[in-house]
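# Overview (structure and organization)
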Amino acid sequence: MHVSNDRSVTDCVDFYVQRTTDERVRWLNEWIRREDEIRLIVTTYPTLHRQPLTLHRYISPELRYQMRTHSFIIQAEELLAEQFFVTGTYAQFDIPKLVHRTVEADIRRPFKGHIYSPSIFIEHIPTLTVFHSYDDRGFEVIAPSPEIAEKWQEKA
């Protein structure tokens, strides 16, 4: 299911970034409870001169976690991709700050040392539903069954 952004061509960049962030965070807050377990997955596309990705600023200091990572090559573009993922409750992540930074990266201020801005996936573990906040076009909801997809569609 795709939920598109509501953007006016007359919006200034700062206003658009904030409105897009607020809209995406509102959707997530309606769909996911603070105590629900989620898996945060971030895919980055570093260049040879990459800067380290600092995800810790988006994760609660109380969350004891081991960040797992793996790398792979996207063959069509001969592009390196690195994925990081960590599991915790929704409340243990600063989702508004993370979404804001990724929207901002797509629109105006890319991450240093990365060819594209990161892709952010939030997996809602109880329903195995994945929320993908991507560039300035919208939000994807990927559900494991038609019944679950219908539930999320009703909320959209």
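Residues numbered from 1 in each chain as written. Predicted model: local features only at pLDDT ≥ 70, side-chain atom pairs only at ≥ 80, totals over all residues. Heavy atoms only, no water.

Glancing now at unusual backbone geometry. In this model, Leu128 sits at a positive phi of 55°, which is unusual for a non-glycine residue. Mapped onto the fold, Leu128 is located in the loop between strand S5 (114-124) and strand S6 (129-134). (Helix = DSSP H or I, 4+ residues; strand = E, 2+ residues; numbered from the N terminus.)

Among the nonpolar cores identified, the biggest contains 23 residues, and Leu28, Trp31, Ile32, Leu40, Ile95, Ile122 and Phe131 are the most heavily contacted of them. Elements with a minimum of two residues in this core: helix H1 (13-31), strand S2 (37-46), helix H2 (95-107), S5 and strand S7 (138-142). Among residues more than four places away in sequence, those in contact with Leu40 are Phe84, Phe85, Val86, Phe93, Leu98, Ile120, Phe121 and Ile122. (Core = buried A, V, L, I, M, F, W, Y, C linked by side-chain atoms within 4.5 Å. Buried < 20%, exposed > 50% of the residue type's maximum accessible area, 1.4 Å probe, protein only. Contact = heavy atoms within 4.5 Å.)

Let us look at the packing of aromatic side chains. Aromatic ring pairs: the centre-centre distance and the angle between the two ring planes describe each pair. Taken as a whole and judged by the stated rule, the model has one aromatic pair. Ring centres of Trp31 and Phe131 lie 5.3 Å apart, and the angle between their planes is 25°; this geometry places the pair in the stacked category. A residue pair is termed long-range when its members are at least 10 positions apart, and Trp31 in helix H1 and Phe131 in strand S6 qualify at 100 residues. Look at Trp31 and you get buried, because its relative accessible area is 4%. (Phe/Tyr/Trp six-rings, centres within 6.5 Å; stacked < 30°, edge-to-face > 60°.)

Secondary-structure assignment places Thr129 in strand S6. Using a relative accessible area of 0% as the deciding quantity, one classes Thr129 as buried. Among the polar contacts made by the side chain of Thr129, one reaches the side chain of Thr127 at a distance of 2.9 Å. Contacts of Thr129, omitting those with residues within four sequence positions, involve Ile122, Glu123, His124, Val141, Ile142, Ala143, Pro144, Ile148 and Trp152. (Polar contact = N/O pair within 3.5 Å; in protein donor to acceptor, adjacent residues only side chain to side chain.)

A word on the environment of Glu123. Residue position: Glu123 is located in strand S5. Along the primary structure Glu123 and Glu37 are separated by 86 residues, whereas in three dimensions their C-alpha atoms are 8.6 Å apart. In terms of polar contacts, Glu123 uses its side chain to reach the side chain of Arg39, at 2.6 Å.

Another point: the pattern of salt bridges. One pass over the structure, following the stated rule, counts four salt bridges. In this structure, Arg26 engages Glu30 in a salt bridge whose closest nitrogen and oxygen atoms are separated by 3.5 Å. Within this pair, Arg26 and its partner Glu30 are both found in helix H1, separated by four residues, close to a single helical turn. Judged by its relative accessible area of 40%, Arg26 falls in the partly exposed class. Residue Glu123 is joined to Arg39 by a salt bridge in which the shortest nitrogen-to-oxygen separation is 2.6 Å. Taken together, the residues Glu123 in strand S5 and Arg39 in strand S2 connect sequence positions 84 residues apart. With a relative accessible area of 14%, Glu123 lands in the buried category. The network of salt bridges with common partners includes Arg33, Glu35 and Asp36. (Salt bridge = Lys/Arg side-chain N within 4 Å of Asp/Glu carboxyl O.)

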